[in-house]
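# Topology and contacts: notes
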Amino acid sequence: MTMNNAFEKMSVLAVDDNRTNLHILQVFLKKLGHEVILAENGEEAVARFQQHHPDLVLLDIMMPVMDGFEAARRIKAASRDKWVPIILLSALNRDENLVEGLEAGADDYLTKPINFVVLEAKLRSMQRSLSMQRSATVTLERLLAISDNVPDAIITCNGSGEILTVNRATEIIFGHPAAELVHRQIRLLVPDLLCETAANTTARNREREATGHRRDGRAFPVEYGLSEVSIDHERIFVIVIRDITQRKLAETQLQQNAALLQTYYDHSQNEQQLALRLMEKLLHRPGLLDSRLRYKVIATENFSGDIVAASHSPEGRFYALLADATGHGLPAAISVLPVLALFYRMTRLNRTIRELVIEINQQLKESMPIGRFVAATIVCLDEISLSGEIWIGGTPEALLIDADGQICERFPSENLALGIIDSTQMNDQPRRFEWQPGSQLLMYSDGVLEAADGQGQQFGSQGISDAVQGTSRAERFTALEDALSKHLGQNAAGDDVSLMLIDCP
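Since this is a predicted model, take the numbers as computed values, not measurements.

Quick notes on the rules
Residues numbered from 1 in each chain as written. Predicted model: local features only at pLDDT ≥ 70, side-chain atom pairs only at ≥ 80, totals over all residues. Heavy atoms only, no water. Helix = DSSP H or I, 4+ residues; strand = E, 2+ residues; numbered from the N terminus. Buried < 20%, exposed > 50% of the residue type's maximum accessible area, 1.4 Å probe, protein only. Contact = heavy atoms within 4.5 Å. Areas by Shrake-Rupley, 256 points an atom, 1.4 Å probe, with all protein chains shown as cover. Disulfide = S-S within 2.5 Å. Axes fitted to C-alpha atoms, helices over the stretch in contact; angles between N-to-C directions. Parallel < 35°, antiparallel > 145°, perpendicular 65-115°, else oblique. Left-handed = near helix turned anticlockwise from the far one by under 90°. Phe/Tyr/Trp six-rings, centres within 6.5 Å; stacked < 30°, edge-to-face > 60°. Salt bridge = Lys/Arg side-chain N within 4 Å of Asp/Glu carboxyl O. Pairing = 2+ DSSP bridges.

What follows is about the overall build of the protein chain. When helices and strands are tallied, the protein chain shows 15 helices and 20 strands. Counting all 505 residues of the protein chain, 45% fall into the buried class. Contacts spanning at least 24 positions in sequence make up 62% of the contacts within the protein chain whose residues lie at least 6 apart. Of the roughly 24,900 Å² of accessible surface on the protein chain, a fraction of 51% belongs to carbon and sulfur atoms.

Written as structure tokens, this is what we have:
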């Protein structure tokens, strides 16, 4: 039996009071390429765990000195800030043993004599989960680096109001060191926030005012926004808290001095510009610099509900995304950020279009308010076989255009937009296609079709067909841009506009 080379080796702590069993486990695990740490009883296992910090634990239940149940409890307590999977091993196959093991902190259970085919499969599953955890940790570290440069306090907590993470601004605003806040209750900072965090859905997705308390006991006015996300089926709340002491003083002074109104307005505009710059940093990734790709996004407001994204997987696949969230401005832009994060994370892992569709849809379905959804076109190109897959939900049809500027294939939207129905009810199968050398794939949002001139005439599908008809590959995108601009004249588009043209190799 051999382990898939796509997964990194693990450090495994194997615990069994039977030296023969322990030796067999050691040989098997080393054959799979893992590093092995051995222990012969629960007390020794806890000591080895604290010394070596392994990635996974195989733990016998019935042992002298300390049994596996107690050892599992102590190992879980010692690894509170890091998930270390524990697989229990036992010749006892009673339900009460399984229940007690899981309650003690175990993640899985395997009966003796060990079926090594099943054990290898469980190890693979744990490796995939650990790989995803490490990827998420890297992403979290990057987000924390960004959040530490934001002037507002950004706090995450669980459903019971326990603080999980804070940024640097939280320490500055409230006066508590981060180490003093983690695992404490959010009511320590904002006393009337706990019940809303845990239960009151009306508090989400809108700003509210409350009273905050600094470490020295002083009360001060704050404004906070609350959002909920689901991570590994756990409700996590993201709370952004702003110290509005200065704003409140300004509001009082405005009653006496109208000139202060302009100062407050300028301050708000600067904050919007900061938010815009942060948003642009998140949206513009290296994948969009690919020479085969040309795109354009025109926002009707400062923030666009349309996004485009592109990425290469390590295996050589080229992925592209064009998405359009309901609404306009900042609310729409925020709606598409989870889509963007999942797209880049999953394409780096070489996931299929179907996996992308299922994961993105479920995340939006669980976290977005009712009535909010995201239309999307997702494409994956295999440059070796000259074939690809495309999935369209809610966006206009995509066009495959040959080297002479003729539309040789149309891909209509055959699915609902993402975030409307549960993933188990949707059609997640992409459509396969092939192309000839010199072809291009054109994707666009409905803002292109609905762009109207001074007489209310929309650009429409005919405008697109006329613009690309007979053009060369090099001039096609510019021709389409010029045709749309000429059609609009001095009028602004009524909706966000996005275009993406991909050279098929």
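From this point on, the discussion continues.
A few words now on helix H14 (residues 460-468). Those residues of H14 not exposed but buried are Gly460, Gly463, Ile464, Ser465, Ala467 and Val468. On its buried face, H14 is in contact with strand S16 (398-401), strand S17 (407-411), strand S19 (440-444), helix H13 (446-449) and helix H15 (476-488). Once H14 ends, the next one or two residues include glycine 470, with phi positive near 75°.

Another point: the state of the cysteines. With the rule as written, the count across this model stands at zero disulfides. This cysteine, cysteine 408, is not joined by any disulfide, and cysteine 504 carries the nearest cysteine sulfur, 8.8 Å off. Given the relative accessible area of 46%, cysteine 408 is considered partly exposed.

A few words on the packing of helix H2 (residues 42-52) against helix H3 (residues 68-78). Closest axis-to-axis distance for the H2/H3 pair is 9 Å, and the angle between their directions is 15°. Comparing their axes, H3 and H2 come out roughly parallel. For the element pair H2 and H3, the recorded crossing hand is right-handed. Taken together, the residues of H3 that come into contact with H2 (itself represented by Gly42, Val46, Phe49 and Gln50) are Ala71, Arg74, Ile75 and Ala78.

Each aromatic ring pair is summarised here by two numbers: the centre-to-centre distance and the angle between the ring planes. For the structure shown, the criterion picks out five aromatic pairs. Geometrically, the ring pair formed by phenylalanine 411 and phenylalanine 433 is tilted, given 5.0 Å between the ring centres and 55° between the ring planes. Linking phenylalanine 411 in strand S17 with phenylalanine 433 in strand S18 (residues 431-434), this pair joins segments that are 22 residues apart in sequence. Residue phenylalanine 433 is classed as buried on the basis of its relative accessible area of 3%.

Tracing the sequence through the fold places histidine 487 in helix H15. For histidine 487, a relative accessible area of 17% puts it in the buried group. Leave out the neighbours within four places in its chain, and histidine 487 touches Ala451, Ala452, Asp453, Gln457, Gln458 and Phe459.

This part covers the pattern of salt bridges. A complete count under the given rule lists 30 salt bridges for this structure. Between arginine 19 and glutamate 40 there is a salt bridge, with its nearest N and O atoms 3.0 Å apart. A residue pair is termed long-range when its members are at least 10 positions apart, and arginine 19 in helix H1 (residues 19-31) and glutamate 40 in the loop between strand S2 (35-39) and H2 qualify at 21 residues. Classification of arginine 19 as exposed rests on a relative accessible area of 60%. The partner of arginine 74 in a salt bridge is glutamate 70, and the shortest N-O contact between them spans 3.0 Å. Here arginine 74 and its partner glutamate 70 are both found in helix H3, four residues apart, which amounts to about one turn of the helix. A single network of salt bridges, built from pairs that share partners, joins Asp152, Glu209, Glu223, Arg242, Arg247, Lys248 and Glu251.

Let us look at the sheet that holds S16. Within the open sheet, the five strands sit side by side as S11-S20-S19-S16-S17. Their pairing is antiparallel. This sheet does not close on itself; its edge strands, each paired only once, are strand S11 (293-298) and S17. On average, each strand axis in the sheet is tilted by 15° relative to the strand beside it, whichever way the strands run. As paired elements, S11 and strand S20 (residues 497-503) share six bridges and run antiparallel to each other. Across the sheet, valine 297 pairs through a bridge with serine 498, a residue of S20. Its contacts with the sheet put H15 on S11, S16, S19 and S20, and the angle it makes with S20 is roughly 165°.

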